[in-house]
Amino acid sequence: EVQLVESGGGLVQPGGSLRLSCAASGFTFSSYWMHWVRQAPGKGLLWVSRINNGGSATMYAGSVKGRFTMSRDNTKNMLYLHMNSLRADDTATYFCVRDPSGVGRLDHWGQGALVTVSS
Amino acid sequence: QSVLTQPPSLSGAPGQSVTISCTGSSSNIGAGFAVLWYQQLPGVAPILLIYDSTNRPSGVPDRFSGSKSDTSASLAITGLQPEDEADYYCQSYDSRLTSFVFGSGTTITVL
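Only a predicted model underlies this, so the values are computations on that prediction, with no experimental measurement involved.

A. Expanded view of the environment of B:Tyr93. Inspection of the secondary structure assignment puts B:Tyr93 in strand β7 (residues 86-94). Assessed through its relative accessible area of 18%, B:Tyr93 is described here as buried. Each C-alpha atom, one on B:Tyr93 and one on B:Ala34, is 7.4 Å from the other, the two residues being 59 residues apart in sequence. Other than its neighbours up to four places away in sequence, B:Tyr93 contacts A:Met59, B:Ser27, B:Asn28, B:Phe33, B:Ala34, B:Thr98, B:Ser99, B:Phe100 and B:Val101.

B. Seen up close, the packing of aromatic side chains. Taken as a whole, this structure holds nine aromatic pairs over all chains when the rule is applied. Ring centres 5.6 Å apart and planes at 70° place the aromatic pair A:Trp109 and B:Tyr38 in the edge-to-face group. Here the residue A:Trp109 occupies a position in strand β10 (residues 108-109), and B:Tyr38 occupies one in strand β3 (residues 36-40), the pair thus bridging two chains. Comparing A:Trp109 with B:Tyr38 shows no difference in burial state: the two are buried. Look at B:Phe33 and B:Tyr93: their rings are 5.0 Å apart centre to centre, the planes differ by 65°, and that puts the pair in the edge-to-face class. Remark: B:Tyr93 occurs in strand β7 and B:Phe33 occurs in the loop between β2 (18-23) and β3; sequence separation between them is 60 residues. Of the aromatic side chains, those joined through ring pairs into one cluster are A:Trp47, B:Phe33, B:Tyr93 and B:Phe100. Taking NZ or CZ as reference, A:Arg98 lies 4.9 Å from the ring centre of A:Phe27, over its face. Positioned above the aromatic ring of B:Tyr51, the side-chain terminus of A:Arg105 is 3.7 Å from the ring centre.

C. Spotlight on the interface of chain B and chain A. With 14 residues of chain B at the interface, the matching set in chain A holds 19 residues. Interface area lost by chain B to chain A is led by B:Pro46, B:Phe100 and B:Phe102, which between them contribute 41%. Linking chain B with chain A are zero salt bridges. Summed over the shared surface of chain B and chain A, the number is five residue pairs in polar contact (both at pLDDT 80 or more). Among the elements of the structure, β3, β7 and β8 (99-102) of chain B are those that each provide at least two residues to the side of chain B that touches chain A. Residue composition of the side of chain B that touches chain A, by class: ten nonpolar, four polar and no charged.

D. Region of interest: the sheet that holds strand β8 (residues 78-83) of chain A. Residue and element names in this part refer to chain A. With respect to topology, four strands assemble into an open sheet ordered β1-β3-β8-β7, the strand pairing being antiparallel. The two strands at the open ends of the sheet, each matched to only one other strand, are β1 (3-7) and β7 (68-73). Taken pair by pair, the neighbouring strands of this sheet meet at an average axis angle of 15°, ignoring direction. For β7 and β8, the ladder comprises six bridges, and the chain directions are antiparallel. Considered in β8, the bridge of Ser71 is made with Tyr80.

Definitions and limits used
- Residues numbered from 1 in each chain as written.
- Chains lettered and ligands numbered in written order.
- Predicted model: local features only at pLDDT ≥ 70, side-chain atom pairs only at ≥ 80, totals over all residues.
- Heavy atoms only, no water.
- Helix = DSSP H or I, 4+ residues; strand = E, 2+ residues; numbered from the N terminus.
- Buried < 20%, exposed > 50% of the residue type's maximum accessible area, 1.4 Å probe, protein only.
- Contact = heavy atoms within 4.5 Å.
- Phe/Tyr/Trp six-rings, centres within 6.5 Å; stacked < 30°, edge-to-face > 60°.
- Lys NZ or Arg CZ within 6 Å of the ring centre and 35° of its normal.
- Buried area = accessible area lost by both parts, 1.4 Å probe.
- Salt bridge = Lys/Arg side-chain N within 4 Å of Asp/Glu carboxyl O.
- Polar contact = N/O pair within 3.5 Å; in protein donor to acceptor, adjacent residues only side chain to side chain.
- Nonpolar A, V, L, I, M, F, W, Y, C, P; charged D, E, K, R; others polar.
- Pairing = 2+ DSSP bridges.
- Axes fitted to C-alpha atoms, helices over the stretch in contact; angles between N-to-C directions.

Next up, the structure:
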């Protein structure tokens, strides 16, 4: 069974940093591209970032470019999102999502991790 | 503001049909990029309903169907059931933004 389990969410002050992790199991992690998608409370879905299966290429939404860094460790089946210079509008549930081919077919989603940016 | 526009809400009685529209532009749907649809039940993560505009993953009932024309796409739900009450999102890629984009979301209510 495919499982994606996010962790590392919590309360952080504006301007602070946080690292989200996603533990993958039940599939060959190194064969899949991965994404982060977020959802502010009561709002819609917003794509955040994508990484290729080997970890050598990343892409980011304009609103997080230069502040967020996505990475992966295929030896540990782990995905990461390093978030710096956090703002109040980054407050959201962050989902770790699997993509078989990198073209945005988001076929399995984690349960999400809540990040709250507030003083 | 989403680059893919959906109606905020639709409703229908059990057994009826509803169609959700997703209106884009020449830089996303009109450019030939795939359209996908997701269902998000209250309080849980989204699930993939339709990919490549018209294809259903295994396990998705054939009551759900997708179509695409020019700069728009649609998700049709036939034979509405109470468990179809959820938020539905379309998704594509935008070449001007160089970003994946989601629609604004549509809440389906089964009366």
